[in-house]
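# Per-entry structural report
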Amino acid sequence: MTFLDNYFKLSDNGTTVRTELLAGLTTFLTMAYIIFVNPSILGDAGMPKDSVFVATCVAAAIGTLIMGLYANYPIGLAPGMGLNAYFAYAVVKGMGFPWQAALGAVFISGCLFLLVSLFRIRELIINAIPHSLRTAIPAGIGLFLALISLKNAGIVAASPATFVTMGNLHEAAPVLAIIGFLVIVALDQLKVRGALLIGILSVTVLSFIFGGNHFNGVFSIPPSVSPTLFQLDLKGAISMGLLNVVLVFFLVELFDATGTLMGVAQRAGLVKNGKIERINKALLADSGAIVAGSLLGTSSTTAYIESAAGVQAGGRTGLTAVAVAVLFLLALFIAPLAGVVPAYATAPALFFVACLMLRELADIDWNDTTECVPAVITALVMPFTYSIANGLALGFISYAALKLLTGRVKDVSAVIWVIAAIFLFKMVYLGG
(Lines give C-alpha, C1' and ligand atoms only; values in the text may rest on other atoms or scores of the structure.)
Protein backbone atom coordinates (compact mmCIF):
# COMPACT_ATOMS: atom_id res chain seq x y z
CA MET A 1 0.00 0.00 0.00
CA THR A 2 2.93 2.32 0.73
CA PHE A 3 4.17 1.80 -2.83
CA LEU A 4 0.74 2.72 -4.27
CA ASP A 5 0.54 5.77 -1.99
CA ASN A 6 3.98 6.97 -3.09
CA TYR A 7 3.52 6.23 -6.79
CA PHE A 8 0.05 7.68 -7.24
CA LYS A 9 0.35 10.35 -4.49
CA LEU A 10 -2.84 9.07 -2.85
CA SER A 11 -2.39 10.92 0.46
CA ASP A 12 -1.47 14.16 -1.31
CA ASN A 13 -4.73 13.95 -3.23
CA GLY A 14 -6.81 13.06 -0.17
CA THR A 15 -7.84 9.62 -1.39
CA THR A 16 -7.35 5.93 -0.55
CA VAL A 17 -6.83 2.68 -2.45
CA ARG A 18 -10.40 1.60 -1.69
CA THR A 19 -11.86 4.88 -2.95
CA GLU A 20 -9.78 4.76 -6.14
CA LEU A 21 -10.77 1.16 -6.90
CA LEU A 22 -14.47 1.92 -6.33
CA ALA A 23 -14.13 4.98 -8.57
CA GLY A 24 -12.49 2.80 -11.24
CA LEU A 25 -15.35 0.30 -11.10
CA THR A 26 -17.87 3.17 -11.35
CA THR A 27 -16.13 4.62 -14.41
CA PHE A 28 -15.85 1.22 -16.06
CA LEU A 29 -19.55 0.46 -15.60
CA THR A 30 -20.50 3.78 -17.22
CA MET A 31 -18.11 3.08 -20.15
CA ALA A 32 -18.65 -0.66 -20.59
CA TYR A 33 -21.33 -0.15 -23.26
CA ILE A 34 -18.58 0.65 -25.79
CA ILE A 35 -17.41 -2.98 -25.64
CA PHE A 36 -20.63 -4.01 -27.37
CA VAL A 37 -21.59 -0.86 -29.28
CA ASN A 38 -18.25 -0.33 -31.06
CA PRO A 39 -18.16 -3.80 -32.72
CA SER A 40 -21.75 -3.28 -33.85
CA ILE A 41 -20.98 0.09 -35.51
CA LEU A 42 -17.66 -0.93 -37.08
CA GLY A 43 -19.25 -4.24 -38.10
CA ASP A 44 -21.54 -2.19 -40.36
CA ALA A 45 -18.36 -1.05 -42.13
CA GLY A 46 -17.54 -4.68 -42.92
CA MET A 47 -15.05 -5.22 -40.09
CA PRO A 48 -15.13 -8.58 -38.26
CA LYS A 49 -17.14 -7.87 -35.10
CA ASP A 50 -15.40 -10.45 -32.90
CA SER A 51 -11.98 -9.00 -33.66
CA VAL A 52 -13.23 -5.44 -33.12
CA PHE A 53 -14.54 -6.55 -29.71
CA VAL A 54 -11.03 -7.65 -28.71
CA ALA A 55 -9.43 -4.56 -30.26
CA THR A 56 -11.87 -2.33 -28.35
CA CYS A 57 -11.06 -3.92 -24.98
CA VAL A 58 -7.28 -3.99 -25.53
CA ALA A 59 -7.08 -0.45 -27.00
CA ALA A 60 -9.13 0.88 -24.06
CA ALA A 61 -6.89 -0.97 -21.58
CA ILE A 62 -3.64 0.27 -23.17
CA GLY A 63 -4.76 3.90 -23.41
CA THR A 64 -6.23 3.96 -19.90
CA LEU A 65 -3.18 2.24 -18.42
CA ILE A 66 -0.87 4.87 -19.94
CA MET A 67 -3.18 7.61 -18.63
CA GLY A 68 -3.01 6.11 -15.14
CA LEU A 69 0.64 5.08 -14.86
CA TYR A 70 2.23 7.92 -16.87
CA ALA A 71 -0.08 10.92 -16.38
CA ASN A 72 -1.59 9.87 -13.00
CA TYR A 73 -5.05 10.97 -14.22
CA PRO A 74 -8.34 9.28 -13.17
CA ILE A 75 -9.57 9.18 -16.77
CA GLY A 76 -10.64 6.21 -18.87
CA LEU A 77 -10.05 5.96 -22.62
CA ALA A 78 -11.79 3.88 -25.27
CA PRO A 79 -12.82 4.11 -28.93
CA GLY A 80 -14.93 7.26 -29.16
CA MET A 81 -18.61 7.38 -30.01
CA GLY A 82 -19.21 9.69 -32.94
CA LEU A 83 -15.78 9.05 -34.41
CA ASN A 84 -16.65 5.36 -34.86
CA ALA A 85 -19.92 6.36 -36.58
CA TYR A 86 -18.04 8.81 -38.85
CA PHE A 87 -15.54 6.02 -39.63
CA ALA A 88 -18.24 3.47 -40.50
CA TYR A 89 -21.06 5.46 -42.07
CA ALA A 90 -19.33 8.50 -43.61
CA VAL A 91 -15.88 7.24 -44.64
CA VAL A 92 -16.46 3.54 -45.42
CA LYS A 93 -20.13 3.31 -46.41
CA GLY A 94 -20.62 6.93 -47.54
CA MET A 95 -17.36 7.56 -49.44
CA GLY A 96 -16.78 3.92 -50.38
CA PHE A 97 -13.29 3.52 -48.90
CA PRO A 98 -12.13 0.11 -47.61
CA TRP A 99 -12.04 -0.12 -43.81
CA GLN A 100 -8.31 -0.89 -44.00
CA ALA A 101 -7.67 2.51 -45.65
CA ALA A 102 -9.91 4.20 -43.06
CA LEU A 103 -7.80 2.61 -40.31
CA GLY A 104 -4.75 4.03 -42.08
CA ALA A 105 -6.34 7.49 -41.89
CA VAL A 106 -6.92 7.01 -38.15
CA PHE A 107 -3.26 5.99 -37.72
CA ILE A 108 -1.99 9.07 -39.60
CA SER A 109 -4.27 11.37 -37.58
CA GLY A 110 -2.98 9.69 -34.40
CA CYS A 111 0.63 10.34 -35.43
CA LEU A 112 -0.19 14.01 -36.10
CA PHE A 113 -1.96 14.10 -32.74
CA LEU A 114 1.16 12.65 -31.08
CA LEU A 115 3.39 15.24 -32.75
CA VAL A 116 1.33 18.24 -31.60
CA SER A 117 1.37 16.76 -28.10
CA LEU A 118 5.14 16.12 -28.13
CA PHE A 119 5.84 19.67 -29.31
CA ARG A 120 3.45 20.98 -26.63
CA ILE A 121 1.19 22.62 -29.21
CA ARG A 122 -1.89 21.16 -27.51
CA GLU A 123 -0.67 22.44 -24.15
CA LEU A 124 -0.22 25.88 -25.73
CA ILE A 125 -3.81 25.73 -27.02
CA ILE A 126 -5.21 24.73 -23.63
CA ASN A 127 -3.33 27.48 -21.79
CA ALA A 128 -4.55 30.06 -24.36
CA ILE A 129 -8.25 29.24 -23.88
CA PRO A 130 -9.92 32.23 -22.16
CA HIS A 131 -11.50 31.81 -18.72
CA SER A 132 -15.08 32.07 -20.01
CA LEU A 133 -14.66 29.23 -22.52
CA ARG A 134 -12.60 27.20 -20.04
CA THR A 135 -15.52 27.46 -17.60
CA ALA A 136 -18.09 26.61 -20.27
CA ILE A 137 -16.38 23.37 -21.29
CA PRO A 138 -17.25 21.31 -18.17
CA ALA A 139 -20.75 22.81 -18.19
CA GLY A 140 -21.20 21.83 -21.85
CA ILE A 141 -19.90 18.35 -21.12
CA GLY A 142 -22.42 18.20 -18.27
CA LEU A 143 -25.27 19.03 -20.66
CA PHE A 144 -23.91 16.47 -23.12
CA LEU A 145 -23.84 13.84 -20.36
CA ALA A 146 -27.39 14.82 -19.39
CA LEU A 147 -28.66 14.21 -22.93
CA ILE A 148 -26.84 10.88 -23.20
CA SER A 149 -28.14 9.70 -19.84
CA LEU A 150 -31.75 10.77 -20.48
CA LYS A 151 -31.64 8.99 -23.86
CA ASN A 152 -30.15 5.83 -22.31
CA ALA A 153 -32.81 5.90 -19.60
CA GLY A 154 -35.62 6.17 -22.15
CA ILE A 155 -36.79 9.44 -20.58
CA VAL A 156 -35.95 11.36 -23.76
CA ALA A 157 -36.84 9.88 -27.15
CA ALA A 158 -36.50 10.95 -30.80
CA SER A 159 -39.42 12.72 -32.47
CA PRO A 160 -39.80 13.56 -36.19
CA ALA A 161 -41.89 16.62 -35.29
CA THR A 162 -39.90 18.13 -32.41
CA PHE A 163 -36.53 16.29 -32.65
CA VAL A 164 -36.81 15.19 -28.99
CA THR A 165 -39.80 14.35 -26.82
CA MET A 166 -40.69 12.58 -23.57
CA GLY A 167 -40.18 8.83 -23.66
CA ASN A 168 -42.71 6.27 -22.44
CA LEU A 169 -42.55 6.59 -18.66
CA HIS A 170 -44.77 3.54 -18.24
CA GLU A 171 -41.88 1.28 -19.28
CA ALA A 172 -39.53 -0.30 -16.76
CA ALA A 173 -36.31 1.38 -17.97
CA PRO A 174 -37.21 5.04 -17.25
CA VAL A 175 -38.94 4.17 -13.97
CA LEU A 176 -35.94 2.20 -12.71
CA ALA A 177 -33.58 4.96 -13.89
CA ILE A 178 -35.55 7.59 -11.95
CA ILE A 179 -35.48 5.40 -8.82
CA GLY A 180 -31.73 4.90 -9.26
CA PHE A 181 -31.18 8.65 -9.63
CA LEU A 182 -33.10 9.46 -6.44
CA VAL A 183 -31.16 6.76 -4.56
CA ILE A 184 -27.82 8.19 -5.75
CA VAL A 185 -28.71 11.79 -4.81
CA ALA A 186 -29.99 10.72 -1.37
CA LEU A 187 -26.93 8.56 -0.64
CA ASP A 188 -24.57 11.30 -1.80
CA GLN A 189 -26.28 13.86 0.45
CA LEU A 190 -25.97 11.39 3.34
CA LYS A 191 -22.22 11.10 2.54
CA VAL A 192 -22.44 7.36 1.80
CA ARG A 193 -19.27 6.10 0.10
CA GLY A 194 -19.79 4.59 -3.35
CA ALA A 195 -23.20 6.23 -3.86
CA LEU A 196 -22.94 6.09 -7.66
CA LEU A 197 -21.84 2.46 -7.69
CA ILE A 198 -24.62 1.46 -5.27
CA GLY A 199 -27.14 3.19 -7.55
CA ILE A 200 -25.85 1.43 -10.67
CA LEU A 201 -25.83 -2.00 -9.03
CA SER A 202 -29.27 -1.47 -7.43
CA VAL A 203 -30.88 -0.69 -10.79
CA THR A 204 -29.07 -3.67 -12.36
CA VAL A 205 -30.51 -6.01 -9.70
CA LEU A 206 -34.01 -4.54 -10.15
CA SER A 207 -33.68 -4.97 -13.93
CA PHE A 208 -33.76 -8.75 -13.48
CA ILE A 209 -37.07 -8.49 -11.59
CA PHE A 210 -38.87 -5.72 -13.49
CA GLY A 211 -36.86 -5.03 -16.67
CA GLY A 212 -36.73 -8.46 -18.29
CA ASN A 213 -32.93 -8.65 -17.95
CA HIS A 214 -31.34 -12.07 -18.34
CA PHE A 215 -28.20 -13.59 -16.84
CA ASN A 216 -26.06 -15.13 -19.58
CA GLY A 217 -23.24 -16.56 -17.50
CA VAL A 218 -19.91 -15.12 -16.37
CA PHE A 219 -17.05 -16.36 -18.53
CA SER A 220 -16.36 -16.59 -22.27
CA ILE A 221 -13.24 -17.23 -24.34
CA PRO A 222 -12.12 -14.11 -26.26
CA PRO A 223 -12.02 -14.45 -30.05
CA SER A 224 -8.93 -13.80 -32.18
CA VAL A 225 -7.85 -10.25 -32.99
CA SER A 226 -5.76 -11.29 -36.00
CA PRO A 227 -8.36 -10.37 -38.68
CA THR A 228 -7.94 -6.66 -37.75
CA LEU A 229 -4.47 -6.62 -36.16
CA PHE A 230 -2.02 -4.54 -38.28
CA GLN A 231 -4.51 -4.55 -41.16
CA LEU A 232 -4.39 -0.78 -41.69
CA ASP A 233 -3.56 0.38 -45.21
CA LEU A 234 -1.34 3.48 -45.02
CA LYS A 235 -0.62 3.58 -48.76
CA GLY A 236 -4.32 3.37 -49.51
CA ALA A 237 -5.11 6.12 -46.99
CA ILE A 238 -2.71 8.49 -48.75
CA SER A 239 -3.34 7.50 -52.36
CA MET A 240 -7.14 7.36 -52.13
CA GLY A 241 -7.51 11.03 -51.26
CA LEU A 242 -8.27 10.54 -47.61
CA LEU A 243 -6.38 13.68 -46.50
CA ASN A 244 -9.66 15.49 -45.85
CA VAL A 245 -10.75 12.53 -43.71
CA VAL A 246 -7.44 12.62 -41.82
CA LEU A 247 -7.95 16.33 -41.10
CA VAL A 248 -11.49 15.75 -39.82
CA PHE A 249 -10.31 12.87 -37.59
CA PHE A 250 -7.44 15.01 -36.34
CA LEU A 251 -9.50 18.10 -35.50
CA VAL A 252 -12.29 16.16 -33.80
CA GLU A 253 -9.79 14.06 -31.82
CA LEU A 254 -7.80 17.15 -30.88
CA PHE A 255 -10.66 19.21 -29.48
CA ASP A 256 -12.96 16.41 -28.35
CA ALA A 257 -10.25 14.88 -26.15
CA THR A 258 -8.93 18.28 -25.07
CA GLY A 259 -12.40 19.38 -23.96
CA THR A 260 -12.96 16.11 -22.08
CA LEU A 261 -9.58 16.29 -20.33
CA MET A 262 -10.20 19.89 -19.27
CA GLY A 263 -13.72 19.21 -18.04
CA VAL A 264 -12.86 16.09 -16.03
CA ALA A 265 -9.58 17.57 -14.71
CA GLN A 266 -11.52 20.57 -13.41
CA ARG A 267 -13.97 18.28 -11.59
CA ALA A 268 -11.05 16.29 -10.13
CA GLY A 269 -9.38 19.41 -8.72
CA LEU A 270 -6.37 19.11 -11.02
CA VAL A 271 -6.52 22.79 -12.02
CA LYS A 272 -4.08 24.88 -9.95
CA ASN A 273 -3.64 28.63 -10.56
CA GLY A 274 -5.54 28.34 -13.82
CA LYS A 275 -3.22 25.60 -15.16
CA ILE A 276 -3.97 21.89 -15.42
CA GLU A 277 -1.29 19.82 -13.72
CA ARG A 278 0.62 17.25 -15.81
CA ILE A 279 -1.58 18.09 -18.79
CA ASN A 280 1.07 17.28 -21.39
CA LYS A 281 1.47 13.74 -20.01
CA ALA A 282 -2.30 13.26 -20.27
CA LEU A 283 -2.26 14.59 -23.82
CA LEU A 284 0.54 12.20 -24.79
CA ALA A 285 -1.40 9.31 -23.26
CA ASP A 286 -4.55 9.87 -25.30
CA SER A 287 -2.65 10.57 -28.54
CA GLY A 288 -0.62 7.37 -28.10
CA ALA A 289 -3.86 5.47 -27.54
CA ILE A 290 -5.14 6.47 -31.01
CA VAL A 291 -2.05 4.99 -32.67
CA ALA A 292 -2.34 1.78 -30.62
CA GLY A 293 -6.05 1.44 -31.40
CA SER A 294 -5.54 1.83 -35.16
CA LEU A 295 -2.88 -0.91 -35.09
CA LEU A 296 -5.21 -3.24 -33.19
CA GLY A 297 -8.13 -2.51 -35.51
CA THR A 298 -10.48 0.08 -34.10
CA SER A 299 -11.45 3.70 -34.76
CA SER A 300 -10.01 6.62 -32.77
CA THR A 301 -9.51 6.07 -29.04
CA THR A 302 -10.22 9.07 -26.85
CA ALA A 303 -10.76 10.26 -23.27
CA TYR A 304 -14.28 9.49 -22.03
CA ILE A 305 -16.57 12.05 -20.45
CA GLU A 306 -18.06 9.19 -18.43
CA SER A 307 -14.85 9.37 -16.38
CA ALA A 308 -16.56 12.23 -14.55
CA ALA A 309 -18.70 9.58 -12.80
CA GLY A 310 -15.58 8.00 -11.30
CA VAL A 311 -14.26 11.42 -10.28
CA GLN A 312 -17.55 12.13 -8.52
CA ALA A 313 -17.16 8.76 -6.76
CA GLY A 314 -13.85 10.02 -5.33
CA GLY A 315 -11.28 9.09 -8.00
CA ARG A 316 -8.40 11.56 -7.96
CA THR A 317 -5.34 9.68 -9.26
CA GLY A 318 -4.13 7.28 -11.91
CA LEU A 319 -5.00 4.31 -9.70
CA THR A 320 -8.62 4.84 -10.76
CA ALA A 321 -7.53 4.58 -14.41
CA VAL A 322 -5.44 1.48 -13.72
CA ALA A 323 -8.53 -0.18 -12.20
CA VAL A 324 -10.53 0.73 -15.33
CA ALA A 325 -7.78 -0.71 -17.57
CA VAL A 326 -7.70 -4.00 -15.63
CA LEU A 327 -11.49 -4.28 -15.89
CA PHE A 328 -11.33 -3.76 -19.68
CA LEU A 329 -8.84 -6.64 -19.90
CA LEU A 330 -11.03 -8.82 -17.69
CA ALA A 331 -13.97 -7.94 -19.95
CA LEU A 332 -12.28 -10.04 -22.63
CA PHE A 333 -13.13 -13.06 -20.49
CA ILE A 334 -16.27 -11.89 -18.65
CA ALA A 335 -18.14 -10.26 -21.53
CA PRO A 336 -21.46 -11.95 -20.55
CA LEU A 337 -21.22 -10.48 -17.03
CA ALA A 338 -20.18 -7.02 -18.25
CA GLY A 339 -23.08 -7.04 -20.69
CA VAL A 340 -25.59 -7.60 -17.90
CA VAL A 341 -25.50 -3.93 -16.77
CA PRO A 342 -28.14 -2.16 -18.91
CA ALA A 343 -27.65 1.38 -20.21
CA TYR A 344 -30.50 2.64 -18.04
CA ALA A 345 -28.63 1.43 -14.93
CA THR A 346 -25.64 3.71 -15.56
CA ALA A 347 -27.82 6.59 -16.81
CA PRO A 348 -28.74 7.84 -13.28
CA ALA A 349 -25.05 8.12 -12.32
CA LEU A 350 -24.26 10.10 -15.47
CA PHE A 351 -27.25 12.39 -14.98
CA PHE A 352 -26.23 13.10 -11.38
CA VAL A 353 -22.72 14.03 -12.52
CA ALA A 354 -24.25 16.24 -15.24
CA CYS A 355 -26.26 18.14 -12.62
CA LEU A 356 -23.10 18.85 -10.62
CA MET A 357 -21.06 19.93 -13.64
CA LEU A 358 -23.54 22.68 -14.52
CA ARG A 359 -22.54 24.70 -11.47
CA GLU A 360 -19.43 25.76 -13.40
CA LEU A 361 -21.63 28.28 -15.23
CA ALA A 362 -21.75 30.38 -12.04
CA ASP A 363 -18.11 31.43 -12.64
CA ILE A 364 -18.83 33.14 -15.98
CA ASP A 365 -18.81 36.96 -16.16
CA TRP A 366 -22.47 37.50 -17.11
CA ASN A 367 -22.01 41.28 -17.37
CA ASP A 368 -19.73 41.02 -20.44
CA THR A 369 -21.64 39.64 -23.42
CA THR A 370 -18.42 39.11 -25.41
CA GLU A 371 -17.45 36.60 -22.69
CA CYS A 372 -20.73 35.03 -21.59
CA VAL A 373 -22.35 34.60 -25.04
CA PRO A 374 -19.48 32.49 -26.51
CA ALA A 375 -19.47 30.51 -23.26
CA VAL A 376 -23.18 29.74 -23.54
CA ILE A 377 -22.79 28.89 -27.24
CA THR A 378 -20.00 26.45 -26.33
CA ALA A 379 -22.10 24.81 -23.62
CA LEU A 380 -25.33 24.53 -25.63
CA VAL A 381 -23.88 23.42 -28.98
CA MET A 382 -22.16 20.38 -27.42
CA PRO A 383 -25.39 18.51 -26.56
CA PHE A 384 -27.46 19.90 -29.44
CA THR A 385 -24.97 18.75 -32.09
CA TYR A 386 -23.89 15.68 -30.09
CA SER A 387 -20.26 16.80 -30.33
CA ILE A 388 -17.80 18.39 -27.90
CA ALA A 389 -15.65 19.50 -30.85
CA ASN A 390 -18.56 21.39 -32.49
CA GLY A 391 -19.24 23.24 -29.25
CA LEU A 392 -15.61 24.29 -29.00
CA ALA A 393 -15.55 25.29 -32.68
CA LEU A 394 -18.51 27.66 -32.48
CA GLY A 395 -17.34 28.91 -29.10
CA PHE A 396 -13.91 29.89 -30.47
CA ILE A 397 -15.36 31.42 -33.65
CA SER A 398 -18.00 33.49 -31.81
CA TYR A 399 -15.47 34.60 -29.17
CA ALA A 400 -13.04 35.92 -31.81
CA ALA A 401 -15.83 37.46 -33.92
CA LEU A 402 -17.43 39.34 -31.00
CA LYS A 403 -14.10 40.70 -29.80
CA LEU A 404 -13.36 41.86 -33.36
CA LEU A 405 -16.75 43.53 -33.80
CA THR A 406 -16.51 45.35 -30.45
CA GLY A 407 -13.01 46.67 -31.04
CA ARG A 408 -11.38 44.43 -28.43
CA VAL A 409 -8.98 42.58 -30.72
CA LYS A 410 -6.17 42.79 -28.15
CA ASP A 411 -8.21 40.62 -25.76
CA VAL A 412 -7.76 37.67 -28.13
CA SER A 413 -4.45 35.79 -28.23
CA ALA A 414 -2.83 34.80 -31.51
CA VAL A 415 -3.48 31.13 -30.70
CA ILE A 416 -7.24 31.73 -30.45
CA TRP A 417 -7.28 33.59 -33.81
CA VAL A 418 -5.52 30.63 -35.46
CA ILE A 419 -7.88 28.06 -33.88
CA ALA A 420 -10.96 30.08 -34.87
CA ALA A 421 -9.66 30.34 -38.46
CA ILE A 422 -8.98 26.58 -38.63
CA PHE A 423 -12.48 25.77 -37.36
CA LEU A 424 -14.03 28.21 -39.82
CA PHE A 425 -12.07 26.58 -42.66
CA LYS A 426 -13.20 23.12 -41.53
CA MET A 427 -16.86 24.13 -41.39
CA VAL A 428 -16.85 25.93 -44.75
CA TYR A 429 -14.74 23.49 -46.78
CA LEU A 430 -14.99 20.15 -44.96
CA GLY A 431 -18.46 20.42 -43.48
CA GLY A 432 -19.44 20.58 -39.80
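Nothing here was measured: the structure is a model prediction, and the numbers come from that model.

About the criteria used
- Residues numbered from 1 in each chain as written.
- Predicted model: local features only at pLDDT ≥ 70, side-chain atom pairs only at ≥ 80, totals over all residues.
- Heavy atoms only, no water.
- Helix = DSSP H or I, 4+ residues; strand = E, 2+ residues; numbered from the N terminus.
- Buried < 20%, exposed > 50% of the residue type's maximum accessible area, 1.4 Å probe, protein only.
- Contact = heavy atoms within 4.5 Å.
- Areas by Shrake-Rupley, 256 points an atom, 1.4 Å probe, with all protein chains shown as cover.
- Lys, Arg positive; Asp, Glu negative; His and termini not counted.
- Charge placed at Lys NZ, Arg CZ, Asp CG, Glu CD.
- Axes fitted to C-alpha atoms, helices over the stretch in contact; angles between N-to-C directions.
- Parallel < 35°, antiparallel > 145°, perpendicular 65-115°, else oblique.
- Left-handed = near helix turned anticlockwise from the far one by under 90°.
- Pairing = 2+ DSSP bridges.
- Phe/Tyr/Trp six-rings, centres within 6.5 Å; stacked < 30°, edge-to-face > 60°.
- Lys NZ or Arg CZ within 6 Å of the ring centre and 35° of its normal.
- Core = buried A, V, L, I, M, F, W, Y, C linked by side-chain atoms within 4.5 Å.
- pLDDT = per-residue confidence, 0-100.
- Patch = residues over 30% accessible without salt bridge, like charges linked within 9 Å, V, L, I, M, F, W, Y side chains within 5 Å.
- Salt bridge = Lys/Arg side-chain N within 4 Å of Asp/Glu carboxyl O.
- 1 Å grid on protein atoms, 1.4 Å probe; cavity = no way out; pocket = protein on both sides within 12 Å on 5 of 7 lines; lining within 4 Å.
- Points joined across faces, edges and corners; volume = space filled by probe spheres on them.
- Nonpolar A, V, L, I, M, F, W, Y, C, P; charged D, E, K, R; others polar.

### Structural notes on the overall build of the protein chain
- Summing up its helical and strand segments, the protein chain has 20 helices and 6 strands in all.
- Taken across its 432 residues, the protein chain has 56% of its residues classed as buried.
- Counting contacts in the protein chain only where the partners sit at least 6 residues apart, residues at least 24 apart contribute 82% of the total.
- Accessible area of the protein chain: about 17500 Å², with a carbon and sulfur share of 69%.
- The centroid of the 22 positive side-chain charges in the protein chain is displaced by 3 Å from the centroid of its 20 negative side-chain charges.

### Quick notes on the packing of helix α5 (residues 83-94) against helix α6 (residues 99-118)
- Contact geometry of α5 with α6 gives a least axis separation of 10 Å together with a crossing angle of 120 degrees. The orientation of α5 relative to α6 falls into the category oblique. Seen from above, α5 lies across α6 with right-handed handedness. On the side of α5, the interface is formed by Phe87, Val91 and Val92, while α6 contributes Trp99, Ala102, Leu103 and Val106.

### Remarks on the pairing of strand β2 (residues 156-159)
- Note: β2 against strand β3 (residues 163-166), 4 bridges, orientation antiparallel. Along β3, the bridge assignment pairs Val156 with Met166.

### A word on the packing of aromatic side chains
- Applying the stated criterion across every chain yields a total of 8 aromatic pairs.
- Relative to Phe328, the ring of Phe28 has its centre 5.1 Å away and its plane inclined at 85 degrees; by these criteria the two rings are edge-to-face. Of this pair, Phe28 sits in helix α2 (residues 17-31) while Phe328 sits in helix α15 (residues 318-331); the two residues are 300 residues apart in sequence, bridging distant segments of the chain. Of the two residues, Phe28 and Phe328, neither departs from the other in class, the shared state being buried.
- Where Phe144 meets Tyr386, the ring centres are 5.0 Å apart and the plane angle is 80 degrees; that geometry is what we call edge-to-face. You can see Phe144 sitting in helix α8 (residues 131-153) and its partner Tyr386 sitting in the loop between α18 (369-384) and α19 (388-405), a full 242 residues away along the chain.
- On the basis of relative accessibility, which here comes to 8%, the residue Phe144 falls in the buried class.
- Given the relative accessible area of 43%, Tyr386 is considered partly exposed.
- Chaining the aromatic ring pairs together yields one cluster made of Phe3, Tyr7 and Phe8.
- The lysine or arginine in question, Lys281, covers the ring of Tyr70, its NZ or CZ lying 5.3 Å from the ring centre.

### A closer look at the nonpolar core
- Ranked by size, the top nonpolar core spans 121 residues in total, and within it Met67, Tyr73, Phe87, Phe255, Phe328 and Phe396 carry the most contacts.
- Looking at this core, the element that brings in the most residues is helix α12 (residues 243-267), giving 14 residues.
- Listed in part, the 5 residues of the second largest apolar core include Phe8, Leu10, Leu319 and Val322.

### With respect to the confidence of the model for the protein chain
- Looking at the protein chain, the pLDDT average stands at 88 and 98% of residues meet or exceed 70.
- The weakest mean pLDDT in the protein chain belongs to strand β5 (residues 275-276) at 72; the strongest belongs to α15 at 96.

### Describing the side chain of Thr64
- When you line up the elements, Thr64 lands in helix α4 (residues 49-71).
- For Thr64, a relative accessible area of 0% puts it in the buried group.
- Not counting residues up to four positions away in its chain, the partners in contact with Thr64 are Ile75, Gly76, Leu77, Ala321, Val324 and Ala325.

### Section: a nonpolar patch on the surface
- Side chains of Val205, Phe208, Ile209, Phe210, Phe215 and Leu337 sit close together on the surface and give an oily, nonpolar patch of about 610 Å² of accessible area.
- At 4 residues, the largest contribution of residues to the nonpolar patch is made by helix α10 (residues 195-210).
- On the secondary structure map, Phe215 appears in the loop between α10 and α11 (234-239).

### Here we look at unusual backbone geometry
- Of note in this structure, Arg120 is not a glycine but carries a positive phi near 60 degrees.
- Position of Arg120 among the secondary structure elements: in the loop between α6 and α7 (121-128).
- Look at Arg120 and you get partly exposed, because its relative accessible area is 47%.
- Unusually for a residue other than glycine, Lys191 sits at a positive phi of about 60 degrees.
- Note on placement: Lys191 falls in the loop between α9 (172-189) and α10.

### What about the environment of Thr378?
- Within the element layout of this structure, Thr378 appears in helix α18.
- Put simply, Thr378 and Ser398 are 20 residues apart on the chain and 9.1 Å apart in space, counted from C-alpha to C-alpha.
- Setting aside its immediate chain neighbours within four residues, Thr378 contacts Leu133, Ala136, Gly391, Leu392 and Gly395.

### Some details on the layout of surface pockets
- There is about 890 Å³ of room inside the largest pocket.
- Residue lining of the largest pocket: 44 residues in total, with Gly80, Met81, Gly82, Phe144 and Tyr386 positioned closest to the centre.
- If you tally residues by element for the lining of the largest pocket, the top one is α12, at 5 residues.
- Looking at the lining of the largest pocket residue by residue, the class counts come to 28 nonpolar, 12 polar and 4 charged.

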